[in-house]
Amino acid sequence: MRQACTVPEPAESPSNPSPDDHPTAHPHLATLRRLQQSSGKLAAAAIARMDEQLSWYRAMPPENRSWIGLVAQAGIAAFTEWFRHPEAPQAISTDVFGTAPRELTRAITLRQTVEMVRTTIEVVEAAIDDVAAPGDEAVLREALLVYAREIAFATAQVYAQAAEARGAWDARLESLVVNAVLSGEADEGTLSRAAALGWDAPDHVCVVLGNAPDGDSELTVEAIRRASRYAKLQVLTGVLGSRLVVVAGGAADPLKAAKSLIGPFAAGPVVAGPVVDDLLAATGSAQAAAAGLRASAAWPDAPRPVLADDLLPERAMAGDPAARELLVEEIYRPLGQAGSALLETLSVYLEQASSLEGAARMLFVHPNTVRYRLRRVTDVTGWSPSDVRSAFTLRIALILGRLTDGGPHGRP
């Protein structure tokens with residue numbers, strides 16, 4: 001709420017016209033005229049003091065210093081007009097800060113702006129005894145105090161509006177980046193947008209997908225950011241439909257990254273895609289995580305979070321071509337290259353309900369030979385035939401590999 005000077009203006013009436021119509025009606029006309037005449041000198045003194053006392057001002061490029069000079073001049077001019085009409089509803093933020101481009105709020109911080117305003121107010125306050133007409137010193141000083149409060153509120157409003165606008169723009173930009181990664185449309189433009197958001201190209205990137213909670217998506221995004229700061233991860237995140245998508249950078253272990261970010265996710269599966277080298281390659285991680293999320297219903301007892309690669313058999317049966325190719329190329333092919341005995345032993349072992357003795361009898365070898373070959377299977381593939389979940393994955397890989405190598409009639 002704007003306050004008036006200690007001596008109010010006379011009310012407008014036929015016998016008492018407004019100062020605009022008859023300037024002589026202003027109760028402090030002499031002070032007003034002297035303030036108008038001194039505004040240029042006061043602005044120059046304010047700039048000189050800033051140059052003397054504020055190191056950040058001296059270090060700024062000439063263009064920004066000139067804009068700050070205009071802001072100081074506008075501030076003193078606005079105070080003069082405010083003193084003329086202390087009760088008029090004036091938009092101080094527009095009068096003062098409207099002279100400078102919006103980019104100035106990026107060039108100088110809120111703290112620096114407060115220092116600039118304080119310096120200008122101090123210069124005007126120091127000149128009150130010279131500017132005010134005899135007897136008006138207290139009136140002008142009180143008017144300056146009230147105006148200083150108003151300009152402080154205006155400064156906060158300008159930066160708050162700039163922060164809101166920048167936040168809304170950044171949110172839209174981030175949503176574009178996340179959507180490009182998820183849809184497979186990431187390109188050099190995506191990298192440029194990510195860099196504008198502060199993404200500094202970390203070496204390890206993975207994508208984590210899950211259900212988005214109900215309610216304000218901005219709160220969810222902010223919760224992810226807090227979790228990422230605690231985990232020392234870079235993130236690009238957004239709520240796309242019912243999904244919460246997090247592109248996490250700086251973590252070589254996708255499962256560890258997913259665990260550190262899992263708090264804001266809604267109930268249900270949370271899937272972490274594999275680690276890739278950079279943001280452009282993150283499309284592969286995102287597609288694997290999305291396929292894992294779709295197929296997760298087939299493994300209701302899956303851990304939370306779960307790796308997309310741990311869902312390879314479910315993804316393959318759900319029709320994910322990338323999962324089928326991985327199972328063939330990373331399990332079936334290496335076993336075939338390691339010798340037909342491994343494929344045969346694994347197949348028989350699985351058919352005999354994971355019985356060493358049963359497999360040994362079918363293969364006419366000693367159980368220790370079967371045991372040795374199964375250890376070789378684990379070494380080659382990374383999946384242990386003695387583990388129920390791994391055995392299931394190995395069985396699906398064998399089936400897909402046989403179908404792939406079975407000729408035209410056997411291909412899926």
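The text that follows walks through the structure, step by step, so that each part is easy to find. (Residues numbered from 1 in each chain as written. Predicted model: local features only at pLDDT ≥ 70, side-chain atom pairs only at ≥ 80, totals over all residues. Heavy atoms only, no water.)

Relative orientation of the contacting elements helix 15 (residues 340–351) and helix 17 (residues 367–381) amounts to 105°, with a least axis distance of 9 Å. Between helix 15 and helix 17, the crossing angle belongs to the class labelled roughly perpendicular. Contact residues: helix 15 offers A341, L342, T345, L346 and Y349, while helix 17 offers V370, R373, L374, R376, V377 and V380. Counted by class, the contact of helix 15 with helix 17 contains eight nonpolar, one polar and two charged residues. (Axes fitted to C-alpha atoms, helices over the stretch in contact; angles between N-to-C directions. Helix = DSSP H or I, 4+ residues; strand = E, 2+ residues; numbered from the N terminus. Parallel < 35°, antiparallel > 145°, perpendicular 65-115°, else oblique. Contact = heavy atoms within 4.5 Å. Nonpolar A, V, L, I, M, F, W, Y, C, P; charged D, E, K, R; others polar.)

Here G189 shows up in helix 9 (residues 188–196). According to the relative accessible area criterion, G189 is partly exposed, its value standing at 28%. As for G189 and V177, which are separated by twelve residues in sequence, their C-alpha atoms are 9.0 Å apart. (Buried < 20%, exposed > 50% of the residue type's maximum accessible area, 1.4 Å probe, protein only.)

Our next topic: the nonpolar core. Counting 36 residues, the largest nonpolar core has M50, W56, I68, F79 and L140 as its most contacted members. Going through the elements one at a time, helix 1 (29–53), helix 2 (55–58), helix 3 (62–84), helix 6 (110–126), helix 7 (128–131) and helix 8 (137–183) are the ones with two or more residues in this core. If we skip the residues at most four places from it in the chain, W56 touches I68, I108, Q112, E115 and M116. Formed by 28 residues, the second largest nonpolar core is a distinct cluster that contains L327, L342, L350 and W383. (Core = buried A, V, L, I, M, F, W, Y, C linked by side-chain atoms within 4.5 Å.)

On to the pattern of salt bridges. Taken as a whole and judged by the stated rule, the model has ten salt bridges. Here E222 ties to R229 by a salt bridge, and the two come within 3.4 Å at their closest N and O atoms. R315 is the partner of D320 in a salt bridge, and the nearest nitrogen-oxygen pair spans 2.9 Å. There is no split in this pair, since D320 and R315 are both buried. The structure contains a network of salt bridges with shared partners spanning D309, R315 and D320. (Salt bridge = Lys/Arg side-chain N within 4 Å of Asp/Glu carboxyl O.)

Let us now look at unusual backbone geometry. Most peptide bonds adopt trans geometry, and most residues besides glycine take a negative phi value. Each neighbour pair has its own omega, and for R304 with P305 the value is 5°, a cis peptide bond. Here P305 shows up in the loop between helix 12 (282–295) and strand 5 (306–307). With a phi angle near 60°, A353 is a residue other than glycine that sits in the positive phi range. On the secondary structure map, A353 appears in the loop between helix 15 and helix 16 (356–363).

Strand order across the open sheet formed by five strands is 2-3-1-4-5, with mixed pairing between neighbours. Each edge of the open sheet carries a strand with a single partner, namely strand 2 (234–240) and strand 5. One ladder, built from three bridges, connects strand 1 (residues 205–211) with strand 4 (residues 270–272); its direction is antiparallel. When the bridges of strand 4 are listed, V208 appears paired with A272. Docked against the sheet, helix 10 (residues 217–231) engages strand 2 and strand 3 (243–249), running at close to 160° with respect to strand 2. Sheet contacts for helix 12: strand 1, strand 3 and strand 4; angle to strand 1, the most-contacted strand, approximately 30°. (Pairing = 2+ DSSP bridges.)

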